[in-house]
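Summary of the model geometry
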Amino acid sequence: MRRLAVAILFLLATAPAHAQPPAGISRPANASALSPIELGAALYAGNCSTCHGIAGRGTSDRGPSLRDAGAQAADFYLRTGYMPLTHPDQQPKRGHVDFSERELRVLIAYIASLGNGPPVPAPHPERGNLREGLRLFTSHCAGCHQIVGQGGVVTGARVPPLDQATATQIAEAVRIGPYLMPKFSERDISPAQLDSLVRYVQLTQHPPDRGGWGIGNIGPFPEGMITWLLAALALIATCMVIGRRLGS
Amino acid sequence: MKRFVLTLLAIINGLRRRRERIGAREEEARREEGPIVPPGPHAPRAELAVALLLFAAALCGAGFIVVYAVGGDWNRTQLQGITLGGAFAFLAIALITVGKHLVSEEEVEDSYHDPEHPSEQERIDKIVEESASGITRKKLLITAGGAAGAAVGLAAITPALTLGPLLDTDELRETPWRRGLRLIGEDGKPLFAGQVEEETFYTAFPEHADRDLIGSPVVVVRLAPEQLRLPPERAKWAPLGIVAFSKVCTHAGCAIALYRKPTFKPTQPRPALVCPCHYSTFDPARGGEVIFGPAGRPLPQLPLVVGGDGILRAGGNFSGQVGPAYGTVRSRRPT
Amino acid sequence: MIRRAVAYLDRGTGASPLLRKTLRYAFPDHWSFLLGEVALYSFIVLVATGIYLTLFFEPSLAKTTYNGVYAPLRGMEMSQAYKSVVDISYERNAGLLFRQTHHWAADVFVAAVILHLIRVFFTGAFRRPRTLIWTIGLLMLFTSLLEGYLGYSMVDDLLSGMGLAIGYAVAMSTPVIGANLALGIWGAPYPGAHAFESRMYIAHVLIFPALIATLLALHLALVVRHHHTQFRTSPRATEKRLLGLPTLPAYAPRSLGLMLAVAALLFLLGGLVQINPIWQWGPYEVSQGTNGAQPDWYLGWLIGALRLVPGFDLTVGDYTLVGNPFWGGALFPLVVLLVLLAVPAAERRITRDGSTHNIADRPRDAPGRTAFGMAFLTWVALIFVAGSADRMYVFLGLSYEGQIWFYRVASLVLPFVAYLVTRRVCHALQEAGRIEADAAAAGAKTSTDPPGRDCNAPDAGTGDVRWGT
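Residues numbered from 1 in each chain as written. Chains lettered and ligands numbered in written order. Predicted model: local features only at pLDDT ≥ 70, side-chain atom pairs only at ≥ 80, totals over all residues. Heavy atoms only, no water.

**What to know about the overall build of chain B**
What counts here: Secondary structure elements follow DSSP: runs of H or I of four or more residues count as helices, runs of E of two or more count as strands, with numbering from the N terminus. In this setup the radius of gyration rests on C-alpha atoms only. A globule is expected at 2.2 Å times the number of residues raised to 0.38. Relative accessible area decides the class of each residue, using a 1.4 Å probe on protein chains only: under 20% of the type maximum gives buried, over 50% gives exposed, and in between gives partly exposed. When checking whether two residues touch, look at their non-hydrogen atoms; a contact exists if any pair is within 4.5 Å. Accessible surface area values rest on a Shrake-Rupley calculation with a 1.4 Å probe, where residue burial reflects the displayed protein chains alone. Charge convention: Lys and Arg are scored as positive, Asp and Glu as negative, and His as well as the terminal groups of each chain are ignored. By convention, the charge on Lys lies at NZ, on Arg at CZ, on Asp at CG and on Glu at CD.
Scanning chain B for helices and strands turns up five helices and 12 strands. Radius of gyration (C-alpha) of chain B: 40 Å, far over the 20 Å computed for a compact globule of 335 residues. With the principal axes as the frame, chain B shows a C-alpha extent of 115 × 80 × 55 Å. The buried share of chain B, taken over its 335 residues, is 42%. Contacts in chain B between residues far apart in sequence, at least 24 positions, make up 54% of those at least 6 positions apart. A total accessible area of about 18,600 Å² is found for chain B, and carbon and sulfur atoms account for 61% of it. Between the mean site of the 39 positive side-chain charges and the mean site of the 37 negative ones, chain B shows a separation of 7 Å.

Right, here's the structure in full:
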C-alpha cells in the first residue's frame with residue numbers, strides 16, 4: 001500500500017515532465033546552448049513535425065506542407081497561438097502563446113528557411129482610406145467576420161472576431177487565408193488596398209459608438225437582451241412599486 | 001379726482017367682500033355635506049421630498065437645454081439622454097411619491113354592468129324589420145343589390161393592380177445576363193480568366209447592367225478541374241475550372257457572402273458557398289447543390305466562356321431562375 | 001382657478017357629470033394591471049419621437065454621395081434615405097437621441113404588449129365581455145410587428161436590407177399567389193420599384209399608426225366600458241362589485257408617474273445604450289451581406305423558424321406549391337395568431353362556461369389554461385431561441401448544426417413537458433393554498449377577512465377550478 005502511494009506521488013510530481021505538447025511546449029533540454037538554426041529545428045521537431053512532417057514536407061492526413069509557407073504564415077499562426085494544435089481535426093483558435101519571443105523568432109526563421117515562402121508583410125494602415133477599407137471589407141470579409149469584425153459562423157466552423165488582430169496579423173491572414181478563410185493575393189487586394197483594409201479593421205477594434213454603450217456591435221441580438229433583461233425588468237419593478245401585490 | 005379714486009376703491013372692495021361671503025357660504029354648505037375625498041395623510045417630509053424631486057427635475061430640464069445649446073461633439077447624445085431622461089425620472093418619482101404618500105389611498109366602489117341589453121336588441125330588430133315592411137320584391141332587390149355591391153366593390157379595388165405586375169409574373173424570370181456579356185468585377189474592371197485564382201472568391205456583374213437587380217450579381221470561384229462534378233450538360237460551363245453562380249440565395253434572397261475553402265483537405269470540409277442569413281450551404285463543385293440548410297433549390301449556375309481577349313463572358317443565361325422560390329420558378333427558364 | 005376652468009368646460013361641453021364620474025372612476029390596483037399602460041406610454045413616446053424623425057427622414061432610394069462628417073462613408077454612394085439617417089445620427093442636434101429613443105421605444109413597446117398579453121391570458125381576462133378587447137389587442141400586436149419591421153427597413157442599411165429580401169422571399173413562397181403578392185407589394189421584382197420605399201414610409205408613418213391608434217382607442221374605450229377585471233383581494237370584490245383606487249387623488253399621479261417613468265427609461269436608453277448604429281453597417285446592396293444579421297428581437301421567432309425548417313420546397317411535378325420560407329416565415333406566425341384569436345372561444349367550449357367574468361383568476365386556479373399557456377409559450381420561445389444559435393456557437397462553442405437538431409426536437413417535445421409540469425405546479429399551489437386556508441380558518445374563529453377564497457359566499461365569482469383537474 002505504501003509503495004503504491006509513493007509510486008502515485010512520484011508520477012504526479014513528475015507529471016509535467018511527462019506531459020506531451022501542446023499541454024506544454026516541448027523544448028530541448030540544452031536550449032541555451034543551441035544556435036538559432038539548431039534551436040529552430042529542435043523546436044520544430046518537438047512541436048510541429050508530428051503533423052507537418054520532417055523538414056516541413058507535410059503528412060497525408062494530419063497537416064499540410066510548410067515548404068512555401070514562409071515567414072508570413074509561420075509568424076501568423078505562431079504569434080496568434082493558432083498553432084500548435086492539440087489535434088489535427090481541431091479548429092485553430094487564438095490563444096496563449098507558449099513559446100518565448102526567442103523561440104518564436106528561431107522557429108519562424110527555421111520554417112521560412114524550408115522553402116521560398118513570402119516574408120512577414122509590413123502594412124501601412126496610416127496610408128489607407130477608411131471608405132475604401134469599408135468597401136473592401138464589406139465585399140470580401142463581412143460575410144464571415146461580420147461588418148464590424150465581431151466574428152461569426154460558417155457551416156462547420158466559427159469565424160473569429162478581429163478585435164485582437166494586429167496590423168501585421170490582419171495583412172498576413174488576408175494573404176494566407178488561414179484554415180477555412182479564402183486567401184486574397186496582391187492581384188485581388190493590392191498593397192494599397194490592404195493598407196485601407198487594415199485601417200478599417202483597426203477602426204472596428206474601437207468602433208465609432210456615437211450612440212453610447214456599443215453592446216457588442218452585432219445588432220438586434222444584444223438589443224433584444226437589453227430590452228428584456230434591463231428595460232422589461234426595470235418596468236416590471238416600477239409597476240410593482242406603484243401597484244399592489246396579491247396578499248398585501 | 002380724489003373722490004373718484006375713493007369710490008372706485010370702495011366698489012372694488014365691496015365686490016371682493018361679496019365674493020368672500022359667497023365663498024364662505026359655499027364652504028359651509030360643502031362642510032355640512034361631508035367630504036367626498038377623505039383627507040390625505042399628513043406627510044410633510046414626503047412633501048419636502050416631492051418638492052426637491054421637482055426641483056431636481058427642473059435642474060435636469062435646464063441641463064438638457066444647456067447641453068443642447070453648448071457646442072462640442074463629445075458624448076453629446078449621452079449627456080442629452082441623461083439630462084432629459086433624468087428630468088423625466090425625477091418627475092416620475094415625484095408623482096409616484098405624491099400618489100403613494102401625499103394623497104388618500106382609499107378605495108372606491110363601482111359596479112360591473114352586464115353589457116347585454118336583450119330588450120334593446122329586440123327593439124332594434126323590430127325597427128329594422130318594420131322599416132323594410134313596405135318592400136315586396138325582396139329577392140329581386142337583394143339580387144340586384146348584390147350585383148351592384150360586387151361590381152362596384154371590385155371596381156373600387158381594381159386600381160390595386162397598378163401596384164405592380166400583379167397578374168403577370170413573367171418579369172420574375174428576367175436577368176440582365178446574355179450570351180457574350182463580359183463579367184465586370186466590383187471595381188468596375190472586366191474579370192480576366194487569368195486573374196481568377198483558386199482558394200478565393202470574386203463578385204461580378206454583367207456589363208452595362210444595374211448591379212442592384214436580383215439577377216445581376218454572380219460569385220465566381222476557381223476549382224481544380226479534377227474536383228468538378230458538374231451535371232453532364234454543364235461540362236463545358238467551367239473553363240479552367242472557373243465556375244460562376246448567382247450570388248442570391250435560393251432560400252430567401254440574401255447575398256451569398258461566405259466562401260469556405262479548406263487549407264488542408266484531409267481534415268477540413270470541402271469548398272462551399274454559404275449564405276449568412278440561414279446558413280444554406282452550396283457546393284460549387286457539384287453545380288451549386290444544397291449540402292446544408294433550408295434552401296430547397298440548388299444555386300443557379302451561369303455558364304462561362306473565355307473570350308479571345310482572356311475576359312470571362314457569360315455563355316448564356318443561368319441554369320435556373322434566380323432568387324427565392326415561387327410557383328413557376330422551376331418550370332420556366334430564366335430570360 | 002380650477003373652478004373657473006371647470007365652469008368654462010361645462011358651459012361649452014356640458015361634460016361635468018362625465019368629468020365627475022371620470023374623477024372617481026375605480027381602478028383595481030394590482031401591479032400587473034399596469035403593463036398595458038406601459039405599452040400605451042411606450043406608444044406615446046413612439047409617436048412623439050417618430051414625428052420628430054419624419055421631419056428629417058428622406059424616404060427616397062435615389063442615389064446620392066455622402067460628404068458628411070462620418071469618415072468611412074465619405075465619398076460613398078448611397079440612397080437618400082440612408083444618408084438622411086446618417087445625417088440625423090451625426091449632424092442633427094439631438095437627432096441620434098431621438099432616433100435611438102424611438103427604436104428602443106419600439107422594442108420595449110412590443111415587449112410590454114407581450115407581457116400584458118401574458119397577464120391577460122393567465123388571469124382569464126379575455127373572457128366575456130372582454131373578448132372583443134382581446135381580439136383588438138391581438139390585431140394591434142401583429143400590426144405593430146409589421147410596423148416595426150417597416151420602420152427599421154426604411155433606412156436602407158445593410159442589415160435591414162437583408163431582412164427585406166427575406167420578407168420578399170416569404171411573400172413569394174405563399175402558395176399559388178405568392179409571386180403576385182410579392183410583385184404587388186414591391187412593385188417590381190426584388191429589390192422592387194423605387195415606389196416601394198414610399199410605400200414603406202407612408203405605411204409606417206400614417207396608415208399603420210392610424211390603424212393602431214384607432215384600435216387602441218377602441219381597446220381603451222371598451223376597457224372603460226366594461227371596467228377592468230379585478231383580483232378577489234377582499235370578499236367585497238365580486239362579479240358585480242368593483243373595488244379600486246379612484247382617478248383622483250390616487251390613481252392619476254400613479255399613472256402619470258408611470259408614463260414619465262417609461263419616458264425616462266426610454267430616453268435614458270436612447271442616450272446611453274446604442275441601438276441600430278446604421279453608419280457601422282453601411283448602405284444596402286443586393287450583392288452584399290454580413291454575418292450575424294438579425295431582425296429586431298420581436299421578429300426573432302421568425303428567423304428561428306426559418307432556420308429550423310429542413311431544406312425542401314413542396315413541389316407538384318414542376319410546380320412549386322410551397323416555397324421553403326413559407327412554413328417558418330408565414331404559416332408559423334399565422335398559426336400563433338389564429339391560436340391566440342381562438343383562445344376565448346376555446347375556453348368557452350372546453351369549460352362549457354360562456355358567462356361573463358369580471359374576477360381575474362390566479363393562474364393556479366385554472367390549471368388547464370395555465371398549463372396550455374406555458375406549453376404554447378415554451379413552443380414559441382424555443383423557436384425564438386433557436387434563432388440565436390449562430391451567436392451561441394460563437395460565444396459557447398456549441399455546434400450550429402447540433403443546436404438546430406436540438407431545437408427541432410426540443411420544440412416538439414418540451415411543450416408537452418411544460419404542460420405536465422405546469423399542471424403539477426398549479427395543483428400543488430392550490431393544495432398549499434387550501435391547507436393554509438383550512439389552518440387559518442381553524443385557528444381564527446372570528447376573522448372578518450378569511451384568507452383564500454370563500455367559494456360558498458352568495459355572491460361568489462365564477463373563477464373556480466375549471467380546466468382539467
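**With respect to the packing of helix H3 (residues 35-54) of chain C against helix H5 (residues 95-122) of chain C**
Residues and elements named next belong to chain C. Quick reminder of the rule: For helices, the axis comes from a line fit to the C-alpha atoms of the stretch in contact; other axes are also lines fit to C-alpha atoms, and the angle between any two N-to-C directions lies between 0 and 180 degrees. To sort the angles, those under 35 degrees are grouped as roughly parallel, those over 145 as roughly antiparallel, those from 65 to 115 as roughly perpendicular, and the leftovers as oblique. It is the rotation of the near helix from the far one that decides the hand of a crossing: anticlockwise by less than a right angle makes it left-handed, clockwise makes it right-handed. In this count, Pro and Cys sit with the nonpolar residues alongside Ala, Val, Leu, Ile, Met, Phe, Trp and Tyr, while Asp, Glu, Lys and Arg are called charged and the others, Gly among them, polar.
Running from N to C, H3 and H5 cross one another at 155 degrees; their axes reach a closest spacing of 8 Å. Taken as axis vectors, H3 and H5 run roughly antiparallel relative to one another. Considering how the two elements wind past one another, H3 and H5 form a crossing that is left-handed. When its residues are assigned to classes, the contact of H3 with H5 shows 16 nonpolar, eight polar and two charged.

**Let's talk about the sheet that holds strand S1 (residues 26-27) of chain C**
Rules: In this analysis, strands are considered paired if DSSP registers two or more bridges between them.
A sheet is described by the order of its strands in space; here three strands give the open sequence S1(B)-S4(C)-S1(C), paired in antiparallel fashion. Every other strand in the sheet has two partners, leaving strand S1 (108-111) of chain B together with S1 of chain C as the edge strands with one partner each. With two bridges joining them, S1(C) and strand S4 (residues 241-246) of chain C adopt antiparallel strand pairing. Residue Ala26(C) lies in a different strand from S4(C), and its bridge partner there is Pro246(C). Against the sheet, helix H10 (residues 247-272) of chain C contacts S1 and S4 of chain C, and its axis sits at roughly 70 degrees relative to S4(C).

**Here's the deal with the domain arrangement of chain B**
Which entries qualify depends on this criterion: Domain delimitation follows an automatic or database domain assignment.
Domain annotation of chain B identifies domain 1 (40-103) and domain 2 (183-314). With centres defined by C-alpha atoms, the gap from domain 1 of chain B to domain 2 of chain B works out at 60 Å.

**Section: the interface of chain C and chain B**
Formally: Summed over both partners, the accessible area lost on bringing two parts together, with a 1.4 Å probe, is the buried area. Every case where a carboxyl oxygen of Asp or Glu lies within 4 Å of a side-chain nitrogen of Lys or Arg is listed as a salt bridge. Within 3.5 Å is the distance limit for a polar contact, defined as a pair of N or O atoms, with the added protein rule that one can donate a hydrogen and the other accept it, and that residues adjacent in sequence qualify only through two side-chain atoms.
Listed as interface residues are 87 residues of chain C and, on the opposing side, 80 residues of chain B. Taking both sides of the interface into account, the surface hidden between chain C and chain B amounts to around 6,800 Å²; carbon and sulfur atoms contribute 62%. One can count five salt bridges joining chain C with chain B. For the pair chain C and chain B, the interface holds 25 residue pairs in polar contact (both at pLDDT 80 or more). Sort the elements by how many residues they give to the side of chain C that touches chain B and H10(C) lands first, with 15 residues. Tallied by class, the residues present in the side of chain C that touches chain B amount to 42 nonpolar, 28 polar and 17 charged. As paired strands, S1(B) and S4(C) are joined by four bridges and run antiparallel to one another.

**Some details on the interface of chain B and chain A**
Contacts between the two partners involve 31 residues from chain B, matched on the other side by 34 residues from chain A. Carbon and sulfur atoms supply 50% of the area that chain B and chain A bury against each other, a total of about 2,700 Å² over both sides. Our enumeration of links across chain B and chain A arrives at three salt bridges. Taking the shortest distance from any N to any O, the salt bridge between Lys183(A) and Glu199(B) comes out at 3.0 Å. The interface formed by chain B and chain A includes 19 residue pairs in polar contact (both at pLDDT 80 or more). Elements with a minimum of two residues in the side of chain B that touches chain A: helix H3 (76-102), strand S3 (201-206) and strand S6 (258-260) of chain B.

**Overview of the packing of aromatic side chains**
Counted only if it meets this: Note on aromatic pairs: the rings of Phe, Tyr and Trp (six-membered ring only in Trp) are paired at centre separations within 6.5 Å, and the planes decide the class, stacked below 30 degrees, edge-to-face beyond 60, tilted for the rest.
Using the criterion set out here, one finds 39 aromatic pairs over all chains in the structure. The interplanar angle of 65 degrees and the centroid separation of 6.1 Å between the aromatic rings of Phe184(A) and Phe201(B) together place this pair among those described as edge-to-face. With Phe184(A) in the loop between helix H8 (167-176) and helix H9 (191-205) and Phe201(B) in strand S3, the pair connects residues from two separate chains. For the ring pair Phe64(B) and Tyr68(B), a centre distance of 6.3 Å and an interplane angle of 40 degrees mean the geometry is tilted. With Phe64(B) and Tyr68(B) both in helix H2 (residues 44-69) and four residues apart, this pair spans about one turn of that helix.

**Side note on the sheet that holds strand S10 (residues 301-302) of chain B**
Residues and elements named next belong to chain B. Judged by pairing direction, the sheet is antiparallel, and its five strands sit side by side in the order S2-S3-S4-S5-S10 without closing on themselves. Across the chains shown, the open sheet's two edge strands, defined by having one partner strand only, are strand S2 (183-185) and S10. Bridge analysis of S3 against strand S4 (residues 218-222) gives four bridges, and the strand direction is antiparallel. Bridged to Ala204 within S4 is Val218.

**Section: the pairing of strand S5 (residues 242-246) of chain B**
Where a strand is regular, its side chains alternate between the two sheet faces. Residue and element names in this part refer to chain B. Of all five residues in S5, five are buried, a share of seventy percent or more. Summarising the sheet, S4 and S5 pair through five bridges and their orientation is antiparallel. Considered in S5, the bridge of Val218 is made with Ser246. Bridging between S5 and S10 involves two bridges; their strand directions are antiparallel. Bridge assignment links Ala244 to a residue of S10, and that residue is Leu302.

**Regarding a nonpolar patch on the surface**
Residue and element names in this part refer to chain C. Convention followed: Patch membership needs two things, relative accessible area over 30% and no salt bridge, and members are linked within 9 Å if like-charged or within 5 Å if nonpolar (Val, Leu, Ile, Met, Phe, Trp, Tyr).
A surface patch of nonpolar side chains, about 790 Å² in accessible area, is lined by Trp405, Val409, Leu412, Val413, Leu414, Val417, Val421, Val425 and Leu429. In this fold, Val409 is placed in helix H16 (residues 400-443). On the accessibility criterion, Val409 (48% relative accessible area) is partly exposed.

**Notes on the environment of Met374(C)**
Residues and elements named next belong to chain C. Relative to the helices and strands, Met374 resides in helix H14 (residues 367-386). Take Met374: its relative accessible area is 31%, and that puts it in the partly exposed class. Those residues in contact with Met374, other than ones at most four positions away along the chain, are Phe122, Ala418 and Thr422.

**Looking at the state of the cysteines**
This is how it is decided: We call a pair of cysteine sulfur atoms a disulfide when they lie within 2.5 Å.
The tally for this structure, following the rule as stated, stands at one disulfide over all chains. Between Cys254(B) and Cys277(B) runs a disulfide, and the two sulfur atoms are separated by 2.0 Å. Because the torsion about its S-S bond is -95 degrees, the bridge between Cys254(B) and Cys277(B) counts as left-handed. On the criterion of sequence distance, the pair formed by Cys254(B) in the loop between S5 and S6 and Cys277(B) in the loop between strand S7 (272-274) and strand S8 (281-283) is long-range, its members being 23 residues apart. Among the residues examined, Cys254(B) registers a relative accessible area of 2% and is labelled buried. Judged by its relative accessible area of 3%, Cys277(B) is buried. In this structure Cys48(A) is not part of a disulfide, and its nearest cysteine sulfur, from Cys51(A), lies 9.1 Å away. Residue Cys249(B) stays outside any disulfide, its sulfur separated by 3.9 Å from that of Cys275(B), the closest cysteine.

**Details of the nonpolar core**
The criterion, for reference: Think of a nonpolar core as a cluster: buried Ala, Val, Leu, Ile, Met, Phe, Trp, Tyr and Cys residues, connected wherever their side-chain atoms sit within 4.5 Å.
The biggest cluster of nonpolar side chains holds 211 residues, and the ones touching the most others in it are Leu183(B), Val220(B), Leu273(B), Leu73(C), Trp134(C), Tyr190(C) and Trp301(C). Looking at this core, the element that brings in the most residues is H5(C), giving 17 residues. If we ignore the near neighbours within four places in the chain, the residues touching Leu183(B) are Trp177(B), Lys189(B), Pro190(B), Leu191(B), Ala204(B), Phe205(B), Val218(B), Val220(B), Leu304(B), Leu312(B), Arg313(B) and Ala314(B). The next biggest cluster of nonpolar side chains, apart from the first, holds 26 residues, and it includes Leu39(A), Ala69(A), Ala73(A) and Phe76(A).

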